[in-house]
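Survey of secondary and tertiary structure
Each chain, letter by letter, is given below.
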Amino acid sequence: MDEAARALGVAKVTVRRWIASGDLPVIDNCKPMLILGDELSAYLRKQRSRKQKLRLDQCYCMKCRAPKRAAFSEAELIGANGKTAMVRMLCETCATVMHKRVSWQQVSRLSALISLSGTHRFKHLGETNQPCVNDHCKTEV
């Protein structure tokens, strides 16, 4: 178990969790427990094949535990930096809020698939010619 964890770059508790789930078979009639290399590589291949690639108009819903599309085919651009934008949408099944970061090149493709609101790019303080006036910071008399 220790060698498998070191070889894969994961914690020993992660390997223990794989064993406890019953998905990773071990030889446990001796000390220390043995994991066959073929079994470990087969387990890892199976784990990798389970991962689903999200389409551009999908986010991963943590409540449904699956990739889901936006409810009503609507999403909101809620923030951005120089190269990426954050998209917020509701799950079509359970209405949970989902987030996804997309590049600015993908925003135009995404807007063709779903209705985007708030498509303006937020400026950084250094990119504006009108500095922020912090009126709320003045001390009250």
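Our structure's up above, just so we're on the same page.
Figured I'd write up the structure that's included with this text. (Residues numbered from 1 in each chain as written. Predicted model: local features only at pLDDT ≥ 70, side-chain atom pairs only at ≥ 80, totals over all residues. Heavy atoms only, no water.)

Our focus in this paragraph is the layout of surface pockets. There is about 180 Å³ of room inside the largest pocket. Forming the walls of the largest pocket are Met1, Asp2, Glu3, Ala4, Pro32, Met33, Leu34, Ile35, Gly37 and Leu40. Mapped onto the lining of the largest pocket, the elements with two or more residues apiece are helix H1 (2-8) and helix H3 (37-50). With three residues, the top contributor of residues to the lining of the largest pocket is H1. Residue classes in the lining of the largest pocket are distributed as seven nonpolar, one polar and two charged. (1 Å grid on protein atoms, 1.4 Å probe; cavity = no way out; pocket = protein on both sides within 12 Å on 5 of 7 lines; lining within 4 Å. Points joined across faces, edges and corners; volume = space filled by probe spheres on them. Helix = DSSP H or I, 4+ residues; strand = E, 2+ residues; numbered from the N terminus. Nonpolar A, V, L, I, M, F, W, Y, C, P; charged D, E, K, R; others polar.)

Using the criterion set out here, one finds five salt bridges in the structure. The salt bridge involving Asp2 is made with Lys12; its shortest N-O contact spans 4.0 Å. You can see Asp2 sitting in helix H1 and its partner Lys12 sitting in helix H2 (residues 12-20), a full ten residues away along the chain. Here Arg88 and Glu76 are joined by a salt bridge, their closest N and O atoms 2.9 Å apart. Here Glu76 lies in strand E2 (residues 66-80) and Arg88 lies in strand E3 (residues 84-91), a separation of twelve residues in the sequence. (Salt bridge = Lys/Arg side-chain N within 4 Å of Asp/Glu carboxyl O.)

So, about the packing of aromatic side chains. Each aromatic ring pair is specified by the distance between its two centres and by the angle formed by the two planes. Using the criterion set out here, one finds one aromatic pair in the structure. Relative to Tyr43, the ring of Trp18 has its centre 5.1 Å away and its plane inclined at 50 degrees; by these criteria the two rings are tilted. With Trp18 in helix H2 and Tyr43 in helix H3, this pair connects stretches of sequence that are 25 residues apart. Each of the two residues, Trp18 as well as Tyr43, counts as buried. (Phe/Tyr/Trp six-rings, centres within 6.5 Å; stacked < 30°, edge-to-face > 60°. Buried < 20%, exposed > 50% of the residue type's maximum accessible area, 1.4 Å probe, protein only.)

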